[in-house]
Amino acid sequence: MSTSAIVLMVSSMGLVISATAYFFWKVLRTPPKKGDDGERPEGFYEAG
Amino acid sequence: MTTEKQQWGSRVGLILAMAGNAVGLGNFLRFPVQAIQNGGGAFMIPYIICFLLMGIPLLWIEWSMGRFGGKHGHHSTPFILNSMSHRPWWKYVGVFGIFTNIGVAAYYCYIESWTLSYVFHSIGRTFSGMSQSEVAGFFTKYVDVAQSTTGIPYEAVIFYVICLALNTWILSRGLSGVEKVAKIGMPLLIIFGVFLAIRGLTLGTSGASAEVPGASAWAGLDFLWTPQYDSLSNPKVWLAAAGQIFFTLSVGMGTIQCYASYLKSKDDVALNGAASGFTNEFVEVVLGSSIVIPIAAGYLGLDWVKENAGFGMAFQTMPFLFEKWGPVLGVAAGVMWFGLLFFAGITSSLAMGTPWMGFMQDEFGWGRVKGAISFGLITLTLGLPTVFFFNQGVFDEYDYWAGTVSLVVFAMLETILFAWIFGMKKGWAEINEGADMKIPSIYKYIMLFVTPFLLIAVFIGSLITPKGNDWKGAFSSLGSGGGWPLDNTSIIKQISNSGLKEQIAAATDPAIISTLEEKMFYVNLARIILLGLFIGISILVYIAHRKHTAKKHAL
């Protein structure tokens, strides 16, 4: 493989793997929200 | 689904279901071929840019539209869109969000059934001792329903029905059934994919043979990843990258809105959307690029890959290559490859069933089982023509109109609705409601200007694709007064069946003319079926609207 191909492959895969791991880590670290809110927000309209 | 107040069991389950919806066969088969055809490694630059400017914003838009609709008791796009605007016709635009899913499920379940069938053929070592052309011929024989590869009559139909029945049964279990499949299927898909990707990345020149002495997996990877920077100035490459991002994320289908409509009003959509989007990208960029191309180049050589790279490789080439790994590893690889494709397929096809079920439950009070069975029966009715008349082009016609054009049209219109009609101020507040991550505020402007622009560009690019996809040549021709030469793959030319008409005009053999005319008949039949489906759903939406109006007047 040429150097440019290796650089692009490793950097693209590295970027995607890092971002995926980061977002999943953040999902797992975020505590669940307490309480259930099923209320409709005010100010939004609903057409028939 | 509203009658039983369904909701997701866990956050990880929701993300895996959303990622499973996005991850499909295209991640492994379409992406590497698109990359090879559009500048190799340089394709990744527009691809990543389009992911950040179009893909991620569309995910956030669809997630927040779905959660917003769910607050109002709507779980399918006709009335989700309706609740976002005073204009009553938006609910008919929302019909795309049900139509596309049924239209795509009809043929997608057929592909899914191939993968299921090939798992059994891999275990039974059907491909043992077959030459490459025999393996390719096996597939041709399989899709010709008049023939049987196992002695079971109508084998392809039987596997298709089994596959649809499985989908229907899981759907009848509701969101918990979908979530369970995602929680099992997605990790297995990733494990199988990682195993095959490691094999692809480490194969090197060990697959070279006397027939193909220069075969090398490195050459395949080199060809895939070497940047050809001159391709960056070609609009074709940018349109291909935007198109790939679009299809890989399953945006413009109405499934994301449906899944998100079962969120609570304060549940996060920002982080969840990003996590599911990047999971899809992991499967596509990391695993998708490391399996088919390097393994095929490792045994058959780069020249073969250049000539034959395409969807058919999954079924016509890979079983032959796996046989070279010996009886144990060959069977394991076959089961993993087709198992991986099956899980990629079923997590997507299950998502396609939920908008119809959500709509019928919301508007007509149907239960889960009735909704699931009706989806199965409609899909079967629409899908059988793709099975029986596969070689007559019905399958491709469904794929083009329901699986390609409808997605682009719907995504373009829903983005305009969200950013310009619902309004970016309210839209931005909706996306950030309960968000577990801070979205950079530049995305407010990206959603307002860049994403709609890119979607309109993809649509116009598909509508008026120039001859040979040569955009530079077409602009030169237009500038010099020669007009805009349209390609037969453009939507305008597709509508008028120009390609087929040209083939008929050029043919001299009466048998070929007769075959082409027969194909034209089936192509038009497929369009009538799809049009009938769209009109049928629109009538149901109209009836539901009348019911809403009558209910309001009664109060």
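Residues numbered from 1 in each chain as written. Chains lettered and ligands numbered in written order. Predicted model: local features only at pLDDT ≥ 70, side-chain atom pairs only at ≥ 80, totals over all residues. Heavy atoms only, no water.

A word on the overall build of chain B
- A tally of regular secondary structure across chain B gives 26 helices and 0 strands.
- A compact globule built from 555 residues should have a C-alpha radius of gyration of about 24 Å, and chain B, at 23 Å, falls within 12% of that.
- With the principal axes as the frame, chain B shows a C-alpha extent of 80 × 60 × 55 Å.
- For chain B, buried positions account for 60% of its 555 residues. (Helix = DSSP H or I, 4+ residues; strand = E, 2+ residues; numbered from the N terminus. Rg over C-alpha atoms; globule rule 2.2 N^0.38 Å. Buried < 20%, exposed > 50% of the residue type's maximum accessible area, 1.4 Å probe, protein only.)

Notes on the confidence of the model for chain A
- Averaged over all residues, the pLDDT of chain A is 78; the fraction at 70 or higher stands at 71%.
- Predicted confidence for residues 38-48 of chain A stays below pLDDT 50, and this span has 30 contacts to residues more than four positions away or in other chains. (pLDDT = per-residue confidence, 0-100. Contact = heavy atoms within 4.5 Å.)

Comments concerning the interface of chain B and chain A
- Counting from both sides, the interface comprises 50 residues of chain B and, opposite them, 30 residues of chain A.
- Between chain B and chain A, the buried area comes to about 3,600 Å², and carbon and sulfur atoms account for 68% of it.
- For the chain B face of the interface with chain A, the top three residues by lost area are B:His72, B:Trp225 and B:Phe278, together amounting to 16%.
- Between chain B and chain A we count 0 salt bridges in total. (Buried area = accessible area lost by both parts, 1.4 Å probe. Salt bridge = Lys/Arg side-chain N within 4 Å of Asp/Glu carboxyl O.)

Side note on the packing of helix 25 (residues 498-506) of chain B against helix 26 (residues 510-554) of chain B
Residue and element names in this part refer to chain B.
- It is at 9 Å that the axes of helix 25 and helix 26 come closest, and there the two elements cross at 165°. Taken together, the axes of helix 25 and helix 26 lie roughly antiparallel to each other. Considering how the two elements wind past one another, helix 25 and helix 26 form a crossing that is left-handed. Between helix 25 and helix 26, the contacting residues are Leu500, Lys501, Gln503 and Ile504 on the first element and Ile513, Leu516, Glu517, Lys519, Met520 and Val523 on the second.
- Residue classes in the contact of helix 25 with helix 26 are distributed as 6 nonpolar, 1 polar and 3 charged. (Axes fitted to C-alpha atoms, helices over the stretch in contact; angles between N-to-C directions. Parallel < 35°, antiparallel > 145°, perpendicular 65-115°, else oblique. Left-handed = near helix turned anticlockwise from the far one by under 90°. Nonpolar A, V, L, I, M, F, W, Y, C, P; charged D, E, K, R; others polar.)

What about the environment of B:Lys266?
All names here are of chain B.
- On the secondary structure map, lysine 266 appears in the loop between helix 12 (255-260) and helix 13 (270-288).
- Between the C-alpha atom of lysine 266 and that of methionine 447, which follows or precedes it by 181 residues, the distance is 22 Å.
- One polar contact links lysine 266 to glutamate 433, side chain to side chain, over a distance of 2.7 Å. (Polar contact = N/O pair within 3.5 Å; in protein donor to acceptor, adjacent residues only side chain to side chain.)

Let's talk about the nonpolar core
All names here are of chain B.
- Counting 194 residues, the largest nonpolar core has Phe28, Trp60, Trp114, Trp225 and Trp337 as its most contacted members.
- Among the elements that make up this core, the one with the highest residue count is helix 18 (residues 327-364) (17 residues).
- When residues no more than four places from it in sequence are discounted, the contact partners of phenylalanine 28 are Val23, Leu189, Val283, Leu287, Gly288, Ile291, Val292, Trp337, Leu340 and Leu341.
- Listed in part, the 6 residues of the second largest apolar core include Leu500, Ala507, Leu516 and Val523. (Core = buried A, V, L, I, M, F, W, Y, C linked by side-chain atoms within 4.5 Å.)

What to know about the packing of aromatic side chains
Residue and element names in this part refer to chain B.
- What the rule picks out here adds up to 48 aromatic pairs over all chains.
- Centroid distance tyrosine 118 to phenylalanine 127: 5.3 Å. Interplanar angle 35°. Geometry classified as tilted. For the pair tyrosine 118 and phenylalanine 127, one class covers both residues: buried.
- Its guanidinium or amino end placed over the ring of tryptophan 325, arginine 199 lies 4.4 Å from that ring's centre, counting from NZ or CZ.
- Of note, lysine 306 hangs over the ring of phenylalanine 223, and the distance from its end group to the ring centre comes to 5.0 Å. (Phe/Tyr/Trp six-rings, centres within 6.5 Å; stacked < 30°, edge-to-face > 60°. Lys NZ or Arg CZ within 6 Å of the ring centre and 35° of its normal.)

Section: the packing of helix 3 (residues 44-71) of chain B against helix 22 (residues 442-463) of chain B
Residue and element names in this part refer to chain B.
- The interhelical angle for the contact between helix 3 and helix 22, taken along N-to-C directions, is 110°, at an axis separation of 9 Å. Here helix 3 lies roughly perpendicular to helix 22, going by the angle between them. Between helix 3 and helix 22 lies a crossing of left-handed hand. From helix 3, Leu52, Leu53, Met54, Ile56, Pro57, Leu58, Trp60 and Ile61 reach across to helix 22, where they touch Tyr443, Ile446, Met447, Val450, Thr451, Leu454 and Leu455.

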